[in-house]
Amino acid sequence: MKREPGVVRTTLRAACNFFAFGEQGVYTAPMTKYKHALALSPYFGHSTDTRGLFPPTGLEYIAASMKGLVGKVTVMDLRQEIPLQDPRALSAFIRREIDLVCISVGWRSRFEQICEFISQLPGEVTTIVGGYQATLEVEEMFERCPNITAVVRGEGEEIIKEVVTGVPFEEIRGLSYRRDGRIVHNENQALPSLEHIAYPDRSLRRHEYYWGHNGVRYMRYTFDTILTARGCPFKCKFCTFSLNPLGQKREYTERPLESVLAELKTITADIVLFSDDNFATNPKRAEQLCDLIIENKIHKTFVVQARVDIARHRRLLDKCWQAGFRLFLIGVESPHDRILAQLRKGITQQQVREAFAVLTQYDFHLHGYFIYGNLGETEEEMLYIPKFAQEIGLDSISFQKLRVEKYSSLKEAVDNTPGYYYRNIGDPVFSDKYGPKELKRIRDRIRSEFYTVPQLLRIAGKARRIGLVTGRDLAGVALKMPLIVGQVIANHRERKKRRRQAARAPKPAGNAPAVSSTASAANKS
């Protein structure tokens, strides 16, 4: 299971000194195969507005890999390029300027619409598609997009370097491509090391990232992300963070702190998300990073993802506060020991309570992740989530339905539990008792019972107190509330429209109908 928005899942091989970036803007190299490469994020529309807080960092790593190997690199985020959201306008730009298009398809959300958009781009220009979802759906990408040249499977930074330097396709591991009317899948590449990673050149960005909609800015702070480590040593059943899209295990690896510090010094954004799967996997290193931030007087507001285990390290928490860490995104998942064990979370409800008894002694904003609709979970157990979250002192929560990912060990458990089913890999899990309507009703109750008016006022007060927003921002949001509500309504209508379209649309050839664990068990017998 993966959480959006997301988190950067990229690595690079040291084929050159990735930290010496030369001058900003245009990068030239002798004997370049491609003169002008476009790194394109094709997502736009209502459903991507919240993701608009953060840049498409994974794509920016691809752009960094190409620098010095092509004549020029342009990074384009269609969320920010309204005129080019028309595929005809974008196609005209590509034909006029571009000889290599690299597209990141990272999400299951709107996959069909994204494929339709890509299929309208010029077929005569070399087009390479990569990303998490493209890797999972490589055959479907070729079927839906007859104009694409190749699909990069898994981490793409090493592969794109070989593409742009003219290595023959048949010699590039991890590449799928068209050849003589058929699709060729080369063997997988070995997982590259994180030690020599080229961080994004932020001078290639064409826009700032902030909370807003249709050109209306809701707050003055800007946002960015940074990756300092990859992988997680824990083995939660629902999670695939520690796997790449091919199911290969990502061992926990770290970037040198000197490199992290150098990148931090290039970041101008006010709020920076550490997209590491677990910031405190190596508490000593995390302390050292905090020390470097303090010593170098880097003044930012930092956001991190962590497990409740971080509460065991009081000295780290003290340094986090001094260094500017203010928002902690913590995976709680469930208030119930039975479900925590089922998810192989490695913690108990009592340990969660003890951890938050420590964490709430600081003025951090504490956000908790929860999963509902677990195997055997009753409505009463699901509806305990908001009460438990308030009991342990969470400031905000997000909650999502149980989902089955392709390589998740949870998939087998779902398949072998009678009465549970899902439509596609990556989709929510439902049961005979708790179908879409029932879980929607439960979701709405969880939301309304936690996000009461007093709770919202507490969130706003703490956000202002710890510097996540300013008083002017809060006043501005209040004045722009009709616009925000309109956006929420538009998002809701678009999601309903897509669900209706998905329900009416025939399944592509080769895809099975909804997977029923009862049927699965019967077939196995």
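Trainee: Whenever I open this one, the sheet that holds strand E15 (residues 325–333) confuses me. Can you help?
Mentor: The strands making up a sheet associate through hydrogen bonds between their backbones, and the pairing can be parallel or antiparallel. Ordered by their spatial adjacency, 6 strands build an open sheet running E10-E13-E14-E15-E16-E17, and the pairing between neighbours is parallel. Whereas interior strands pair on both sides, the edge strands pair on one side only; in this sheet they are strand E10 (223–226) and strand E17 (396–401). Strand-to-strand twist in this sheet, taken as the mean axis angle between neighbours without regard to direction, amounts to 20°. One ladder, built from 4 bridges, connects strand E13 (residues 271–274) with strand E14 (residues 301–306); its direction is parallel. The residue of E14 that forms the bridge with Ile271 is Thr301.

Trainee: What is the right way to read the pairing of E14 from this model?
Mentor: When a strand is regular, its side chains alternate between the sheet's two faces. With 6 of 6 residues buried, E14 is to be regarded as a mostly interior element. What you see with E14 is no split at all: Thr301, Val303 and Gln305 on one side and Phe302, Val304 and Ala306 on the other are buried throughout. Crossover E13 to E14 through helix H8 (residues 283–295) is right-handed. Looking at chain direction, E14 and E15 are connected through 5 bridges and run parallel. Bridge pairing in E15 links Val303 to Leu327. For the crossover from E14 across helix H9 (residues 314–323) to E15, the handedness is right-handed.

Trainee: Explain the pattern of salt bridges here, please?
Mentor: Side chains that carry opposite charge are capable of pairing whenever their charged atoms lie near each other. Counted by the stated rule, this structure contains 33 salt bridges. Residue Glu391 is joined to Arg353 by a salt bridge in which the shortest nitrogen-to-oxygen separation is 2.9 Å. Of the two residues, Glu391 sits in helix H13 (residues 385–392) while Arg353 sits in helix H11 (residues 349–359), which places them 38 residues apart along the sequence. The network of salt bridges with common partners includes Glu60, Arg202, Arg205, Asp224, Arg255 and Glu263.

Trainee: Honestly, the pairing of E10 in this entry has me stumped. Any pointers?
Mentor: Side chains of E10 alternate between two faces, with Phe223 and Thr225 and Asp224 and Ile226 buried alike. Relative to E13, E10 is paired through 4 bridges, and the arrangement is parallel. Pairing of Phe223 across the sheet is with Ile271, part of E13.

Trainee: Would you mind showing me how to read empty space enclosed by the protein here?
Mentor: With a probe scaled to a water molecule rolled over the atoms, the places where space remains empty come into view. Applying the stated rule across the entire model yields 6 cavities of 30 Å³ or more. Along its surface, the second largest cavity is lined by Pro56, Glu60, Val75, Met76, Asp77, Glu81, Arg205, Arg206, His207 and Tyr209. With 3 residues, strand E2 (residues 72–77) is the largest single contributor of residues to the lining of the second largest cavity. Taken together, the residues that form the lining of the second largest cavity break down as 4 nonpolar, 1 polar and 5 charged.

Trainee: In this structure, what is going on with the environment of Pro146? I would like to understand it.
Mentor: Structurally, the position occupied by Pro146 is in the loop between helix H5 (138–144) and strand E5 (150–152). Residues Pro146 and Ser119 lie 27 residues apart in sequence; the distance between their C-alpha atoms is 6.6 Å. If we ignore the near neighbours within four places in the chain, the residues touching Pro146 are Ser119 and Arg178.

Trainee: How should the nonpolar core be read in this particular structure?
Mentor: Taken as a class, soluble globular proteins show a tendency for nonpolar side chains to be buried jointly. Ranked by internal contacts, the top residues of the largest apolar core, which has 57 residues, are Phe325, Phe328 and Phe356. Examining the composition of this core, we find that 5 residues originate from one element, H11, more than from any other. Look past the residues within four positions of Phe325 in its chain and what remains in contact with it is Phe274, Phe279, Cys290, Ile293, Phe302, Val304, Cys320 and Phe364.

Trainee: For this particular structure, what's the right way to read the packing of helix H1 (residues 57–66) against helix H6 (residues 157–164)?
Mentor: Orientation of H1 relative to H6, taken along the N-to-C sense of each, is 40°, at an axis distance of 9 Å. Relative to H6, the element H1 lies oblique. H1 and H6 meet at a crossing whose hand is right-handed. Residue-level inspection shows Gly58, Tyr61, Ile62, Ser65 and Met66 of H1 in contact with H6, the latter providing Glu157, Ile160, Lys161 and Val164. Counted by class, the contact of H1 with H6 contains 5 nonpolar, 2 polar and 2 charged residues.

Trainee: What's the story with the packing of aromatic side chains in this structure? I'm lost.
Mentor: By convention here, two paired aromatic rings are described through the distance between centres and the angle between planes. Applying the stated criterion to the full structure yields 15 aromatic pairs. Between Phe328 and Phe364, the ring centres sit 4.4 Å apart and the planes meet at 50°, which makes this aromatic pair tilted. Highlighted residues: Phe328 in strand E15 and Phe364 in the loop between H11 and strand E16 (365–372), separated in sequence by 36 residues. The burial state of Phe328 is the same as that of Phe364; both residues are buried. Among the aromatic side chains, those forming a connected cluster through ring pairs are Phe274, Phe279, Phe302 and Phe325.

Trainee: Explanation requested: H11 in the structure shown.
Mentor: For the α-helix, the turn length of 3.6 residues means that residues three or four positions removed from each other point alike. Listed in full, the buried residues belonging to H11 are Val352, Ala355, Phe356, Val358 and Leu359. What you see down the axis of H11 is that its buried residues fit within an arc of 150°, all on one side. Those residues of H11 hidden inside the fold are in contact with H9, E15, E16 and H13.

Trainee: In this structure, what is going on with the environment of Met141? I would like to understand it.
Mentor: When you line up the elements, Met141 lands in helix H5. In sequence terms Met141 and Phe111 are 30 residues apart; their C-alpha atoms lie 9.5 Å from each other. Each residue touching Met141, except ones within four places of it in the same chain, is listed here: Val105, Phe111, Cys115, Ile118, Val129, Ala134, Ile148 and Val151.

What counts as what
- Residues numbered from 1 in each chain as written.
- Predicted model: local features only at pLDDT ≥ 70, side-chain atom pairs only at ≥ 80, totals over all residues.
- Heavy atoms only, no water.
- Pairing = 2+ DSSP bridges.
- Helix = DSSP H or I, 4+ residues; strand = E, 2+ residues; numbered from the N terminus.
- Axes fitted to C-alpha atoms, helices over the stretch in contact; angles between N-to-C directions.
- Buried < 20%, exposed > 50% of the residue type's maximum accessible area, 1.4 Å probe, protein only.
- Right-handed = clockwise from strand over helix to strand, strands pointing away.
- Salt bridge = Lys/Arg side-chain N within 4 Å of Asp/Glu carboxyl O.
- 1 Å grid on protein atoms, 1.4 Å probe; cavity = no way out; pocket = protein on both sides within 12 Å on 5 of 7 lines; lining within 4 Å.
- Points joined across faces, edges and corners; volume = space filled by probe spheres on them.
- Nonpolar A, V, L, I, M, F, W, Y, C, P; charged D, E, K, R; others polar.
- Contact = heavy atoms within 4.5 Å.
- Core = buried A, V, L, I, M, F, W, Y, C linked by side-chain atoms within 4.5 Å.
- Parallel < 35°, antiparallel > 145°, perpendicular 65-115°, else oblique.
- Left-handed = near helix turned anticlockwise from the far one by under 90°.
- Phe/Tyr/Trp six-rings, centres within 6.5 Å; stacked < 30°, edge-to-face > 60°.
- Arc of directions from axis to C-beta.

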